[in-house]
Amino acid sequence: MGLDLIHGVDWKMNSANARRYRASADVRFVRIGDYIDPIVEAIATHDMIVERRGGIHHILSPFGNATFEVCQGGFKLTVEATDPRGINHLKHALAGPIGFIAARERLEIQWEGDVTESALPDDLRILRVTSIEDLSPRFRRIAFKGENLERYDRADQLHCRLIFQPRGIAEPLWPMLDHRGCIVWPENTAVPTRVYTIRRIDVARKEIVIDFALHANAGPATRWAMDARTGDVVGILGPAANGSKPAKFQVLAGDETALPGIARILESLPRDAVGHAFIELDSKADELPLTCPAGVMVHWLHRDGAAAGTTTLLPDAVRSIRWPENLDDVFFWGGCEHTAFSAIYRHLRNGVALPRDSFVLYSHWHRSLSEEQIIARGAEAYLPHQSQ
Ligand SMILES: Cc1cc2nc3c(=O)[nH]c(=O)nc-3n(C[C@H](O)[C@H](O)[C@H](O)COP(=O)(O)OP(=O)(O)OC[C@H]3O[C@@H](n4cnc5c(N)ncnc54)[C@H](O)[C@@H]3O)c2cc1C
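Residues numbered from 1 in each chain as written. Predicted model: local features only at pLDDT ≥ 70, side-chain atom pairs only at ≥ 80, totals over all residues. Heavy atoms only, no water.

## Considerations on the pattern of salt bridges
- Under the criterion given, the structure shown has 28 salt bridges.
- With a closest N to O distance of 2.8 Å, Glu280 and Arg303 form a salt bridge. Taken together, the residues Glu280 in strand β17 (residues 274-281) and Arg303 in the loop between β18 (296-302) and α6 (313-319) connect sequence positions 23 residues apart.
- Using a relative accessible area of 5% as the deciding quantity, one classes Glu280 as buried.
- Ionic pairing is found between Arg319 and Asp316, a salt bridge with its closest N-O pair at 2.9 Å. Residue Arg319 and its partner Asp316 are both found in helix α6; the two are separated by 3 residues, about one turn of the helix.
- Connected through salt bridges with shared partners, the residues Arg141, Arg199, Asp211 and Glu267 form a single ionic network. (Salt bridge = Lys/Arg side-chain N within 4 Å of Asp/Glu carboxyl O. Helix = DSSP H or I, 4+ residues; strand = E, 2+ residues; numbered from the N terminus. Buried < 20%, exposed > 50% of the residue type's maximum accessible area, 1.4 Å probe, protein only.)

## Observations regarding the pairing of strand β2 (residues 49-53)
- Note: β2 against strand β3 (residues 56-61), 5 bridges, orientation antiparallel. The residue bridging Arg52 from the neighbouring strand is His57, located in β3.
- Hairpin connection of β2 to β3: 2 residues between the antiparallel strands, including Gly54 at a positive phi of 55°. (Pairing = 2+ DSSP bridges.)

## Overview of the side chain of Asp286
- Note that Asp286 resides in the loop between β17 and β18.
- The exposure class of Asp286 is buried, given its relative accessible area of 0%.
- Excluding anything up to four places from it in sequence, Asp286 contacts Ser136, Pro137, Arg138, Phe139 and Leu281. (Contact = heavy atoms within 4.5 Å.)

Below, the structure is given as structure tokens:
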């Protein structure tokens with residue numbers, strides 16, 4: 001399928017088409033109780049509203065609605081949409097987080113009901129590289145242009161998945177979502193994909209900007225960024241993952257991979273916001289100019305040659321914060337390597353007793369695993385460790 005065909009698709013649901021597509025799945029899995037909270041959280045992270053009513057999680061999305069109910073010995077899923085692509089998307093929005101968080105259980109989800117054809121994900125947009133700028137020794141900014149980017153212009157959904165096409169390929173390879181909600185690639189040929197933060201978006205100019213932290217031991221995304229040229233093609237899926245929420249006292253913390261998100265959030269804070277931003281980098285040479293309210297103190301933490309993901313700089317910095325006595329007007333946002341992420345998560349929950357809805361914190365990478373290996377391991381490589 002060519003790029004123009006994808007651009008030409010009307011992604012909105014056809015209101016004249018009154019047909020509703022429905023499917024359901026009953027899955028036997030007695031230990032669902034061990035996984036339910038992180039699964040529901042992961043579903044909500046992907047731009048879905050999850051409401052718990054009468055013991056059932058109701059999931060609302062632009063693509064349609066779903067339910068997730070824990071029952072005797074397992075769980076039941078239902079999905080309903082007015083568009084065949086919407087129902088595949090919803091199945092994926094459920095089956096994806098379940099399969100990832102409970103990866104070691106190798107659950108089989110068998111759907112019953114309407115069967116729809118494999119289709120491109122509704123959220124897929126095609127981008128072309130328009131400029132490449134080295135901001136510092138380890139940061140490369142790449143700007144892209146694309147059509148119909150409105151859905152990505154969200155302060156509450158900062159992240160996206162990039163699909164890196166090999167240069168010179170005759171026909172780009174795009175993932176399809178099948179009737180099981182699974183990703184299938186044409187001719188079984190997958191191209192690499194990775195998660196990045198939208199540093200800046202300007203819908204009118206059709207532009208998205210991503211800041212790539214170039215790390216040693218480069219995987220496919222970093223190699224792609226190091227080799228990028230204008231005209232190169234990537235796909236984008238999303239958006240996902242939460243941004244900051246309004247609060248007077250803001251704390252932001254992360255390593256290079258979170259600097260794009262921290263910079264974007266700092267720019268959006270009201271002028272009277274107060275708090276701290278802690279940013280771990282290799283050295284001063286990678287510090288980037290930031291626009292932020294005068295009351296938010298920026299602390300650059302330098303590893304000074306230590307390998308990324310091996311220091312306790314970030315957890316130590318978060319432990320040093322003097323939090324307001326009343327935590328009602330506090331928000332924390334952060335992202336970093338999995339070990340530091342786990343330590344910070346435990347401190348926020350057990351030390352500070354910050355309510356779960358007062359912070360957004362993601363494990364952005366794992367110091368000994370590529371993204372494919374994280375996905376294969378699931379919860380243990382992504383959720384916080386209870387102890388080190
Ligand atoms: C929500 C979210 C938002 C993110 N936003 C950004 C962003 O805006 N900019 C950005 O640069 N990254 C961002 N990341 C991190 C990025 O997705 C990972 O660093 C990714 O693994 C890089 O892919 P890769 O192909 O280069 O390496 P992979 O193939 O995934 O890994 C190869 C090797 O590199 C190591 N590695 C991976 N990442 C790093 C790193 N950052 N530093 C040192 N070693 C590493 C791994 O441990 C592995 O050994 C984000 C991640 C998440 C989950």
